[in-house]
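Each chain, written out:
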Amino acid sequence: GNSVTQMEGPVTLSEEAFLTINCTYTATGYPSLFWYVQYPGEGLQLLLKATKADDKGSNKGFEATYRKETTSFHLEKGSVQVSDSAVYFCALGTTDSWGKLQFGAGTQVVVTP
Amino acid sequence: EAEVAQSPRYKITEKSQAVAFWCDPISGHATLYWYRQILGQGPELLVQFQDESVVDDSQLPKDRFSAERLKGVDSTLKIQPAELGDSAMYLCASSPTGGRDYEQYFGPGTRLTVT
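Residues numbered from 1 in each chain as written. Chains lettered and ligands numbered in written order. Predicted model: local features only at pLDDT ≥ 70, side-chain atom pairs only at ≥ 80, totals over all residues. Heavy atoms only, no water.

Colleague: I'd love a proper account of the overall build of chain B, names of residues and values included.
Modeller: Helix and strand content of chain B: zero helices and eleven strands. In terms of overall size, chain B behaves like a compact globule, its C-alpha atoms giving a radius of gyration of 13 Å where 115 residues would be expected to give roughly 13 Å. In terms of its C-alpha atoms, chain B occupies a principal-axis envelope of roughly 35 × 30 × 25 Å. In chain B, the proportion of contacts linking residues at least 24 apart, taken out of those at least 6 apart, comes to 54%. For chain B, the accessible area works out to roughly 5,600 Å², and carbon and sulfur atoms hold 47% of it. Averaging the coordinates of the 11 positive side-chain charges in chain B and doing the same for the 16 negative ones gives two points 6 Å apart. (Helix = DSSP H or I, 4+ residues; strand = E, 2+ residues; numbered from the N terminus. Rg over C-alpha atoms; globule rule 2.2 N^0.38 Å. Contact = heavy atoms within 4.5 Å. Areas by Shrake-Rupley, 256 points an atom, 1.4 Å probe, with all protein chains shown as cover. Lys, Arg positive; Asp, Glu negative; His and termini not counted. Charge placed at Lys NZ, Arg CZ, Asp CG, Glu CD.)

Colleague: Residues and numbers for the nonpolar core, please.
Modeller: Generally speaking, nonpolar side chains in soluble globular proteins are found buried as a group. Core analysis: the biggest nonpolar cluster contains 26 residues, and Trp 35, Phe 73, Leu 75 and Tyr 88 of chain A have the highest contact counts within it. Of all the elements in the fold, those that place two or more residues in this core are β2 (11-14), β3 (19-21), β4 (23-26), β5 (32-38), β6 (44-50), β8 (62-65), β10 (86-93) and β12 (107-112) of chain A. Here the element with the most residues in this core is β10 of chain A; it accounts for four residues. The contact partners of Phe 73 of chain A, leaving out residues within four places of it in the chain, are Cys 23, Leu 33, Phe 34, Trp 35, Leu 48, Lys 49, Ala 50, Ala 64, Thr 65, Tyr 66 and Cys 90 of chain A. Counting 20 residues, the second-largest nonpolar core is a separate cluster that includes Val 19, Cys 23, Ile 26 and Ala 82 of chain B. (Core = buried A, V, L, I, M, F, W, Y, C linked by side-chain atoms within 4.5 Å. Buried < 20%, exposed > 50% of the residue type's maximum accessible area, 1.4 Å probe, protein only.)

Colleague: Can you explain the sheet that holds strand β8 (residues 75-79) of chain B? Please cite residues and give values.
Modeller: In any sheet, the strands associate via hydrogen bonds between backbone groups, in a parallel or an antiparallel arrangement. Residues and elements named next belong to chain B. Reading across from one edge, β1-β3-β8-β7 is the order of the four strands in this open sheet, with antiparallel pairing throughout. Looking along the sheet, the strands with just one partner apiece sit at the ends: β1 (5-7) and β7 (65-68). Across the sheet, the mean angle from the axis of one strand to that of its neighbour is 15°, orientation sign disregarded. Bridge count between β1 and strand β3 (residues 19-24): three bridges; the pairing is antiparallel. What sits directly across from Ser 7, in β3, is Trp 22. (Pairing = 2+ DSSP bridges. Axes fitted to C-alpha atoms, helices over the stretch in contact; angles between N-to-C directions.)

Colleague: So what about the sheet that holds β8 of chain A? Which residues, and what values?
Modeller: Residues and elements named next belong to chain A. Strand order across the open sheet formed by four strands is β3-β9-β8-β7, with antiparallel pairing between neighbours. Each of the sheet's edge strands pairs with one partner strand only, and the pair in question is β3 and β7 (56-59). Strand after strand, the sheet turns through a mean of 15° between neighbouring axes, direction not considered. Bridge count between β8 and strand β9 (residues 75-77): three bridges; the pairing is antiparallel. Bridging across to β9, Phe 62 finds its partner in Lys 77.

Colleague: A description of the pattern of salt bridges should follow, citing residues and the corresponding values.
Modeller: The final tally for this structure, using the stated rule, is six salt bridges over all chains. In this structure, Lys 77 of chain A and Asp 84 of chain A form a salt bridge, with 2.8 Å as the shortest nitrogen-oxygen distance. Exposure remark for Lys 77 of chain A: the relative accessible area of 11% places this residue in the buried category. Taking the relative accessible area as the measure of exposure, Asp 84 of chain A reaches 6% and is therefore buried. The salt bridge partner of Glu 83 of chain B is Arg 64 of chain B, with a shortest N-O separation of 3.4 Å. With Glu 83 of chain B in the loop between β8 and β9 (88-95) and Arg 64 of chain B in the loop between β6 (53-56) and β7, this residue pair connects regions lying 19 residues apart in the sequence. What makes Glu 83 of chain B partly exposed here is its relative accessible area of 38%. When its relative accessible area of 12% is taken as the criterion, Arg 64 of chain B is described as buried. (Salt bridge = Lys/Arg side-chain N within 4 Å of Asp/Glu carboxyl O.)

Colleague: Could you give an account of unusual backbone geometry, with specific residues and numbers?
Modeller: Looking along the chain, the bond that leaves Ser 7 of chain B and enters Pro 8 of chain B is cis, with omega of -10°. Positionally, Pro 8 of chain B belongs in the loop between β1 and β2 (10-13). Cis geometry is found at the peptide bond from Gln 80 of chain B to Pro 81 of chain B, where omega equals -5°. Phi angles above zero are rare outside glycine, and Asp 54 of chain A is one such case at about 75°. On the accessibility criterion, Asp 54 of chain A (54% relative accessible area) is exposed.

Okay, structure coming up:
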């Protein structure tokens, strides 16, 4: 079956540090890949997505590249801010699932001043 | 900006009681999802509607959970009877249509505590 594995958190960083959150997946067919973010007390919101191999999704300084050969979709940001403190979820959607998303367990990121 | 509405935001109920959650998706969105998020885990799909039809309820515990979207607009998720293990965040999401490439828009969720 489909699955998503993320690095465990919490990840604690100082402001302006480089952030990487690893995400690998197992899926049949050709999934689309997503990063969602959940700020404290809020629902999830889409951060970025990529729908085919070698696509790069980007938003708000975050980037992730769909790597089919390594089945990975790692999230990166060059300089984090305190406001980036949140839980980040990697997810995949497949063509045979009507858009159903398979989520990873989430990675909490804490950015300190 | 259009948002997915959910109510209540918080619910405390006793074991064996009935509880219901309501979701109003973004206007015009044909696809509606109910997810359950246990603390420290990612959301897991419970049920998915395309208009008023269920297209996936494979993970819905049908002995106690039910969901409906009678007119293809808003939706209700019910649990009867509630069990301690049902304590979780229940998230509703919608998208313009089903399919793997479409963004899902999430509501703020209902946090359920069963005592």
